[in-house]
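# Notes for the structure review
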Amino acid sequence: MSTTTVPTTRLKDLPRPQVVAHEVPRRRKAWIDWVTTVDHKKIGILYMVTAFVFFLVGGIEALLMRIQLGAPDNTFLTPEKYNQLFTMHGTTMIFLFVVPMMAGFGNYFVPLMIGARDMAFPRLNALSYWLFLFGAIVLYISLFFNPPEAGWTSYAPLSSAAYSPNGGIDAWIFMIHLTGLSSLLGAINFYVTIANMRAPGMGWGRLPLFVWAILTFAVLLILALPTIAAAVTMLLTDRHFGTHFFDPSQGGSPLLWQHLFWFFGHPEVYIMILPGFGIISEVLPVFSRKPIFGYKAIAAATIGIAFLSLLVWAHHMFATPLSTAVLAFFMLSSMIIAIPTGIKIFNWIATLWRGTLEFKTPLYFGVGFLAFFTLGGVSGVMLAIFPLDWQLTDTYFVVAHFHYVLVAGAVNAIFAGLYYWFPKMTGRMLSEGLGKTSFWLTFVGFNVTFLVQHSLGLEGMPRRVYEYADTGNLHALNLISTVGAFILASGVLVTVYNVLRSLRRGAVAGPDPWKANTLEWFTTSPPPANNFDVVPRVRSVEPMKDIRRTVARATGETSGRTERQVRA
Amino acid sequence: MPRALGLAAVFANAIGPETGGSPNANDTHTLWVVVVVIALIVLIGVEGLLLYTVIRFRARKGRVPAQIHGNTRLEIGWTVAAALIVVVLTVVAFAELPGIQDPVKSGPQVSLAGAQVASINPPHVPGGRQLNIDVNGQQYVWRFTYPDGTYSYTEMVVPANQTVVLRITGQDVAHSWWIPKLGGKFDAIPGYNNYTWFKASKVGAVYRGQCAELCGRNHANMLADVRVVSPSAFRTWLATKKAQINAANRDSAAAAPLLSPLPARPGHP
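Residues numbered from 1 in each chain as written. Chains lettered and ligands numbered in written order. Predicted model: local features only at pLDDT ≥ 70, side-chain atom pairs only at ≥ 80, totals over all residues.

## A word on the interface of chain A and chain B
One frequently used descriptor of interface size is the decrease in accessible area upon assembly of the parts. Selection rule: Contact between two residues is assigned when their C-beta atoms, built from the backbone, lie within 7 Å. For helices the rule is a DSSP run of H or I covering at least 4 residues; for strands it is a run of E covering at least 2, with both sets numbered from the N terminus onward. Any residue outside Ala, Val, Leu, Ile, Met, Phe, Trp, Tyr, Cys, Pro, Asp, Glu, Lys and Arg is labelled polar, Gly included; the first ten of those are nonpolar and the last four are charged.
In this complex, chain A contributes 68 residues to the contact, which on the side of chain B involves 65 residues. Looking at the side of chain A that touches chain B, the elements with two or more residues in it are helix 3 (79-113), helix 7 (254-288), helix 8 (295-309), helix 9 (324-336), helix 10 (338-352), helix 11 (361-384), helix 12 (386-392) and helix 14 (432-458) of chain A. If you tally residues by element for the side of chain A that touches chain B, the top one is helix 10 of chain A, at 9 residues. A class-by-class count of the residues in the side of chain A that touches chain B yields 45 nonpolar, 15 polar and 8 charged.

What follows is the structure, encoded as structure tokens:
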């Protein structure tokens, strides 16, 4: 493999720290290769596949709950089972699906997009993945004993030893610690990689927006995770070692748990969605054949959202005893987030504006993301108004809101990313027909499931109830929602089938099937072990466009394909 | 445009949160209508723009994508526009807030049952004639204690036209007090007092609600009713309830040697 020549002239040309292969290792059995790998691409795939499996598991849990709620006073599930299901569903989707999925995309594509040969700390990277997997196993092993049933928020005192005596909460605490440690190590790795291993010429102003998003995601994780680690440790000592942090009868405070949890929990929301924003910022310009509109504004808005996300946690606590001044502060800080978010949405629409939109599947999911996220954002601003929130909080209105931003937002972004990058990861294209079928099924299924849940909340249905009486429109609305959930699930299954089928039968992709803008398309599909033989000098935020132009000029072809010999 | 606004208001009115029991719920509903109209304008505007864009700018033969990198004036424009919307929403919210947060005066014909000393930070009722009720959330039932010590479970009976101030707390885990037609939710958290108020005017009305914060397996069954009666019927109810409780206490005192030392606690409703 390659080594780089070391220029000795000027300070800025000093070598970048990078991974250099010294030998070609012997081939080992495939499974040993996967288990022992420290290659960021393989680790990325491990992350994504594991996370996707948990997406399916969490989806099955959701379907079971929707069956239970399909009819009033239903007895399909016991209250105990129902509480276990929504606890596992929320915990799974957040800690075992969206965050690790985004970490998977980051793992695979950050080094490729910045022209690096691996992450800064490859072994630490492998450790991150295995900690995540063990965390997931710890949580799911509780299925055979007592799964937790206090919700993904595990509010004290409900989660204390007195009211949740069995070990489910302890499994949950252990899972938070393991996945938290995994994310923390991963975040440090991302930060160091992005700060130090960018291709020559790739200043901060030429960093792909997905990499900006992952950088912000990493910083937020580093800032937010210690709080939840402290909180669950306090819960653990309350449960087993005689402390009383959250026990009001001994001078502790249940509200302390809520503050600590949401001080982590709200940044966590942006930890889940910012990488999705990043994916959208990559997909939209490629398929509209236009540069991203307002690169600096989008990057700045990403950082602005991350900063504000640390100042809004108590908007989850508007119904708790807080003074009006505190309520007003958190209302204002929450509503102000609408400004950078609005800036992003307008910039994305402006990116599409006057482009030539090529409606491939990634763009379908990208536009679907914009449509859904706007709705979820608008209902989010309504929830930020605390006098309104007093009516809306803890009802299905909130459930609808956060599924619009997270499921529709994050999942559409993840699917956009999957359809966009699958050719790079496997060398094969996903089927466009199946992809579009999957899009329309999930799009329709999603709206049918969650639009009516706004009305359910307004009619007075609280969340986390295992049954409801047959009053008002509750039955009809719940039934519609249940039907929608199955349509949504069928759309997801179409994509699963598409992936499995295309792994073998998909059309061969070539290095750059979309004529995209960023460096991952400079190498082969799938990329070799150390990614690049030669890292080109980056001259703009769209290095591949420059390279194609250079090739065209050099060869005299008008639509020159990328040649790997091209040097900058 | 005015017609569209009217339609939006009608829509907001039709889907809004439950209302009609108490002025604070009504004011919340008014706030909701204003906010939804603004939200619908933004939503339809942005989604419409998005729809127009994806239809209008599909790739066609001979069309060349415009290589635009940005536009500072536009950026400033939509930043200011978004900020203005936030300002408008904030002004509207604070304009409606007193009507939702501050109790109104009791009506002229009120029961004088409420003579409790003010606690830490309760809402101030103009004229001071209020009925204070302590609301206590427990797995999985609500207990209501009246100023004279009389208590009831699950069903709260209140006199019409009387401003009722609730002091809400939790006994075991966190619960949340919510009767949609009588206003928003207030969490019942052990170790904390939370306050809200309502003033119901329809005699004979029963307002239903339930616990809104996950409190355990039977969270869904932790129901509450508020029954509105005339002031005289309220006095009668209170006296009857008091007599019942006294009789029950006498009976249990008589039977005390036979019973286990656990305090008597009514079962599941």
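That was the structure; now back to the text.
## Quick word on the confidence of the model for chain B
Atom-level detail of predicted coordinates should not be read off regions where pLDDT is low. All names here are of chain B. To keep it simple, the criterion reads: On a range of 0 to 100, pLDDT expresses the predictor's confidence in each residue.
Across chain B, the average pLDDT comes to 86, with 88% of residues at or above 70. Low confidence marks residues 264-269, where pLDDT is under 50. Its contacts with residues over four positions away, or in another chain, come to 7 contacts. Interface confidence in the predicted complex, given as ipTM, is 0.89; pTM for the same model is 0.91.

## Brief notes about the nonpolar core
The following threshold applies: Each nonpolar core consists of buried Ala, Val, Leu, Ile, Met, Phe, Trp, Tyr and Cys residues. Their C-beta atoms, within 7 Å, join them into a set. Remark: C-beta atoms are placed from the backbone, and a residue is labelled buried if 20 or more other C-beta atoms sit within 10 Å of its own, exposed if 12 or fewer do, or partly exposed between those counts. Domain start and stop points were drawn from an automatic or database domain assignment.
With 251 residues, the main nonpolar core has V98(A), V211(A), M272(A) and A416(A) as its most contacted residues. Top contributing element to this core by residue count: helix 13 (residues 396-426) of chain A, with 21 residues. Residue assignment places this core across two domains, with domain 1 (2-55 + 73-101) and domain 2 (130-258) of chain B each supplying three or more.

## Some details on helix 13 of chain A
Owing to its 3.6 residues per turn, the α-helix aligns residues three or four sequence positions apart on the same side. Residues and elements named next belong to chain A. Stated precisely, the cut-off is as follows: Across the chain, bend at a residue is computed as the angle between axes fitted to the seven residues ending at that point and the seven starting from it.
In the structure, helix 13 departs most strongly from a straight axis at Y420, where the bend amounts to approximately 40 degrees and where the proline P423 lies between one and four residues downstream. The buried fraction of helix 13 is high, at 28 of 31 residues. Residue G427 follows helix 13 closely and has a positive phi angle near 85 degrees.

## Section: the packing of helix 10 of chain A against helix 2 (residues 23-56) of chain B
What counts is decided by this rule: Helix axes are fitted to C-alpha atoms over the stretch in contact, other axes to C-alpha atoms as well, and angles between N-to-C directions run from 0 to 180 degrees. We call two directions roughly parallel when the angle between them is under 35 degrees, roughly antiparallel when it is over 145, roughly perpendicular when it lies between 65 and 115, and oblique otherwise. Rotating anticlockwise by less than a right angle from the far helix to the near helix defines a left-handed crossing, while the corresponding clockwise rotation defines a right-handed one.
For the pair helix 10 of chain A and helix 2 of chain B, interaxial distance at closest approach is 9 Å and the crossing angle is 20 degrees. Classified by the angle between their axes, helix 10 of chain A and helix 2 of chain B sit roughly parallel to one another. For the crossing formed where helix 10 of chain A meets helix 2 of chain B, the hand is left-handed. When helix 10 of chain A is examined against helix 2 of chain B, the residues I345(A), I349(A) and L352(A) are found in contact with a partner set consisting of V46(B), L49(B), L50(B), T53(B) and V54(B). Grouping the amino acids of the contact of helix 10 of chain A with helix 2 of chain B by side-chain chemistry returns 7 nonpolar, 1 polar and no charged.

## Some points on the pairing of strand 5 (residues 162-170) of chain B
In summary, the side chains of a regular strand alternate between the two faces of the sheet. Residues and elements named next belong to chain B. Put simply, the test is: We call two strands paired when DSSP finds no fewer than two bridges between them.
Counting buried positions over the 9 residues of strand 5 gives 9, a clear majority of the element. Residue alternation in strand 5 divides its side chains into two sets, Q162, V164, L166, I168 and G170 and T163, V165, R167 and T169, and both sets are buried. As paired strands, strand 1 (residues 130-138) and strand 5 are joined by 8 bridges and run parallel to one another. Following the sheet pairing, I133 is matched in strand 5 by L166. In the sheet, strand 5 pairs with strand 8 (residues 194-200) via 7 bridges, with the strands oriented antiparallel. Bridging across to strand 8, V165 finds its partner in W197.

## Section: helix 7 of chain A
Residues and elements named next belong to chain A. How we decide: A helix is expected to reach a length of 1.5 Å times the quantity of its residues less one.
End to end, helix 7 covers 51 Å across 35 residues, agreeing with the expected 51 Å (1.5 Å per residue, within 8%). The sharpest bend along helix 7 measures roughly 30 degrees and falls at W262. Where helix 7 terminates, the next one or two residues include R289, which has phi positive at roughly 55 degrees.

## Points about the packing of helix 1 (residues 2-15) of chain B against helix 2 of chain B
Residue and element names in this part refer to chain B. Running from N to C, helix 1 and helix 2 point in directions that differ by 125 degrees, and their axes come no closer than 9 Å. With respect to their mutual orientation, helix 1 and helix 2 come out oblique. In terms of crossing hand, the pair formed by helix 1 and helix 2 is right-handed. Residues L5, A8, A9, A12 and N13 of helix 1 form the contact with helix 2, whose own contacting residues are W32, V33, V36, V37 and L40. Split by residue class, the contact of helix 1 with helix 2 holds 9 nonpolar, 1 polar and no charged.

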